[in-house]
Amino acid sequence: MDRLEKMEEFKDSLESARAEGDQVAEAAALHGIGRIYLTEKVYDAAEEFLSQCAQLCRESGQREGLAQTLIDLGDLALAQEDAENAEKMFRESLLIYQDNDLSQGQARVMDRIADVTVARGNLDEAINISLDGLNLCRQSADRIGAIYFLEKIIPLYKAKGAVADVEASYRELITFAEELGDSERMAMGLAGLADVYERVEKPEEAVPYLEMAHDIYLRLGKETEAGFIREHLEKMGDS
């Protein structure tokens with residue numbers, strides 16, 4: 001079903017829901033229409049329907065629906081380069097997810113808030129909200145989510161020159177990747193950890209991690225990546 005057909009379906013559902021006084025169905029239809037307009041970058045219409053959905057969710061106590069709609073309104077604000085309003089929407093959504101102890105929703109919003117704070121140049125705040133997301137994933141044993149936040153945090157730590165934190169983050173990423181059986185991500189983490197040691201002029205500590213990354217890439221059949229590491233090791237040996 002293409003978007004035009006889906007739009008017509010949502011509009012029919014909206015009309016029926018309003019006739020029947022079904023506020024849950026009405027909110028779902030408003031949200032669906034708003035999301036399609038957002039995807040199509042018809043921002044005025046997207047704001048109209050998403051705002052109606054948010055208002056209806058507030059009035060009818062549909063908290064989870066409100067939280068999701070606030071995320072969409074935040075995404076809409078970002079698309080219109082209004083970072084301040086986007087962050088306001090995301091933070092209200094986060095409070096709802098926290099009040100309802102919905103960890104997956106919290107993680108999604110924390111990810112967006114981190115991106116907004118990075119765009120505003122506030123690395124400390126971005127690190128803190130990303131660490132909150134990481135801790136949430138740790139508590140729920142969500143290794144995939146934890147890796148995602150670690151990959152977000154590492155470049156922020158690098159930008160601040162926090163070498164010890166970069167090293168610790170790579171080690172944790174490698175551990176989670178190993179537990180998941182994600183060999184490629186594990187190799188990337190090992191190479192990243194080696195880079196940390198090279199930057200602090202400890203090449204002898206970098207070598208074992210590069211060798212492990214090289215062997216993993218070979219087992220994965222990734223000859224190009226393995227070749228880059230092999231050439232790098234040879235240059236290190238020459239120097």
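Read on for a plain summary of the structure. (Residues numbered from 1 in each chain as written. Predicted model: local features only at pLDDT ≥ 70, side-chain atom pairs only at ≥ 80, totals over all residues. Heavy atoms only, no water.)

Of the regular secondary structure elements, the protein holds 12 helices and 0 strands. Scanning the protein from its N terminus toward the C terminus, one meets helices and strands in the order α-α-α-α-α-α-α-α-α-α-α-α. At 23 Å, the protein has a C-alpha radius of gyration far larger than the 18 Å of a compact globule built from 239 residues. For the protein, the spread of C-alpha atoms along the principal axes amounts to about 80 × 35 × 30 Å. (Helix = DSSP H or I, 4+ residues; strand = E, 2+ residues; numbered from the N terminus. Rg over C-alpha atoms; globule rule 2.2 N^0.38 Å.)

Moving on to the layout of surface pockets. Reported here for the largest pocket is a volume of approximately 220 Å³. Around the largest pocket, the lining residues are S103, Q104, A107, R108, D111, L136, C137, S140, D142, G145, Y148 and F149. Breaking the lining of the largest pocket down by element, the ones donating at least two residues are α6 (103–119), α7 (123–139) and α8 (143–160). Of all the elements, α6 adds the most residues to the lining of the largest pocket, at 5 residues. For the second largest pocket, the calculated volume is near 160 Å³. Lining of the second largest pocket is provided by 13 residues; of these, E47, S51, L73, N85 and M89 occupy positions nearest its centre. If you tally residues by element for the lining of the second largest pocket, the top one is helix α3 (residues 43–60), at 5 residues. Within the lining of the second largest pocket, the residues separate by chemical class into 6 nonpolar, 4 polar and 3 charged. (1 Å grid on protein atoms, 1.4 Å probe; cavity = no way out; pocket = protein on both sides within 12 Å on 5 of 7 lines; lining within 4 Å. Points joined across faces, edges and corners; volume = space filled by probe spheres on them. Nonpolar A, V, L, I, M, F, W, Y, C, P; charged D, E, K, R; others polar.)

Quick look at the packing of helix α2 (residues 23–39) against helix α4 (residues 63–79) now. Where α2 meets α4, the axes come as close as 11 Å, and the angle between the chain directions of the two elements is 20 degrees. It follows from the interaxial angle that α2 and α4 lie roughly parallel. At the point where α2 passes α4, the crossing takes the left-handed sense. Each of H31, R35 and L38 in α2 lies in contact with α4, whose residues at this interface are Q68, T69, D72, D75 and L76. Of the residues assigned to the contact of α2 with α4, the class counts are 2 nonpolar, 3 polar and 3 charged. (Axes fitted to C-alpha atoms, helices over the stretch in contact; angles between N-to-C directions. Parallel < 35°, antiparallel > 145°, perpendicular 65-115°, else oblique. Left-handed = near helix turned anticlockwise from the far one by under 90°. Contact = heavy atoms within 4.5 Å.)

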